[in-house]
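In case you want the letters, here they are:
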Amino acid sequence: MSHEIRTPMNWVLGMTELITNTNITHTQKTLYIRDSSNALLNIINDLLHFSKSESERVKLEARVFILEEILQSVCYFLNRQALDLKINLHY
């Protein structure tokens, strides 16, 4: 479980360091940091939900979601890595 937390945390810290040293706008910097932090929080929440399900203390709930928004979010976060690997990432 530590790897699942460390990897995104290192990404958040690394990206924060990189963008603080760039000439992008304050708004862009804030958005990158916020989005990265939210992604990490989602991973942590997923891990906590998983551990609850292992102890049989979780209740399932139905939720409405928009698949296009989820795919857009995943592509947004993976776009830089895809470009570095010369992969065209589209949804």
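The rules we used
- Residues numbered from 1 in each chain as written.
- Predicted model: local features only at pLDDT ≥ 70, side-chain atom pairs only at ≥ 80, totals over all residues.
- Heavy atoms only, no water.
- Helix = DSSP H or I, 4+ residues; strand = E, 2+ residues; numbered from the N terminus.
- Buried < 20%, exposed > 50% of the residue type's maximum accessible area, 1.4 Å probe, protein only.
- Contact = heavy atoms within 4.5 Å.
- Salt bridge = Lys/Arg side-chain N within 4 Å of Asp/Glu carboxyl O.
- Expected span 1.5 Å × (residues − 1).
- Bend = angle between axes of the 7 residues up to and from the residue.
- Patch = residues over 30% accessible without salt bridge, like charges linked within 9 Å, V, L, I, M, F, W, Y side chains within 5 Å.
- Areas by Shrake-Rupley, 256 points an atom, 1.4 Å probe, with all protein chains shown as cover.
- pLDDT = per-residue confidence, 0-100.

Visitor: Give a description of the overall build of the protein chain that names residues and reports values.
Guide: Assigned secondary structure in the protein chain consists of three helices and zero strands. What you see in the protein chain, going N to C, is helices and strands ordered as α-α-α. Evaluated residue by residue, the protein chain yields a buried proportion of 11% over its 91 residues. Relative to all contacts within the protein chain whose residues are 6 or more apart in sequence, the contacts with residues 24 or more apart total 53%.

Visitor: Please set out the pattern of salt bridges residue by residue, giving values where relevant.
Guide: Applying the stated criterion across every chain yields a total of one salt bridge. Residues glutamate 61 and arginine 63 are paired through a salt bridge, measuring 2.6 Å at the closest nitrogen-oxygen approach. Residue classification places arginine 63 among the exposed residues on the basis of a relative accessible area of 64%.

Visitor: Describe the environment of isoleucine 24, listing the residues and the values that go with them.
Guide: Topologically, isoleucine 24 is positioned in the loop between helix H1 (2-20) and helix H2 (26-54). Residue isoleucine 24 is classed as partly exposed on the basis of its relative accessible area, which comes to 28%. Those residues in contact with isoleucine 24 that lie beyond four places of it in its chain are Ile19, Lys29 and Tyr32.

Visitor: Before we move on, could you go through helix H3 (residues 67-84) and cite the residues and values that matter?
Guide: An ideal rise of 1.5 Å per residue puts 26 Å on 18 residues; H3 measures up with 26 Å between its terminal C-alpha atoms. Of all the bends found along H3, the most pronounced is centred on leucine 78 and spans about 50°. Lysine 86 sits one or two positions beyond H3 and adopts a positive phi of about 60°.

Visitor: Got a sec to walk through a nonpolar patch on the surface? Specific residues and values, please.
Guide: A contiguous nonpolar surface patch, about 670 Å² in accessible area, is contributed by Phe65, Leu67, Ile70, Leu71, Val74, Leu78 and Tyr91. Topologically, phenylalanine 65 is positioned in the loop between H2 and H3.

Visitor: I'd like a rundown of the confidence of the model for the protein chain, residues and numbers included.
Guide: The share of residues in the protein chain with pLDDT of 70 or more is 89%, and the mean pLDDT across the chain is 79. Considering each helix and strand of the protein chain separately, the mean pLDDT is smallest for H1, with a value of 74, and largest for H3, with 84.

Visitor: I'd like a rundown of unusual backbone geometry, residues and numbers included.
Guide: With the exception of glycine, most residues fall at negative phi, and the peptide bonds are largely trans. The backbone phi angle of lysine 86 is positive, close to 60°, even though this residue is not glycine. Looking at where lysine 86 falls in the secondary structure, it is placed in the segment after H3. Here lysine 86 falls in the exposed class, since its relative accessible area comes to 79%.

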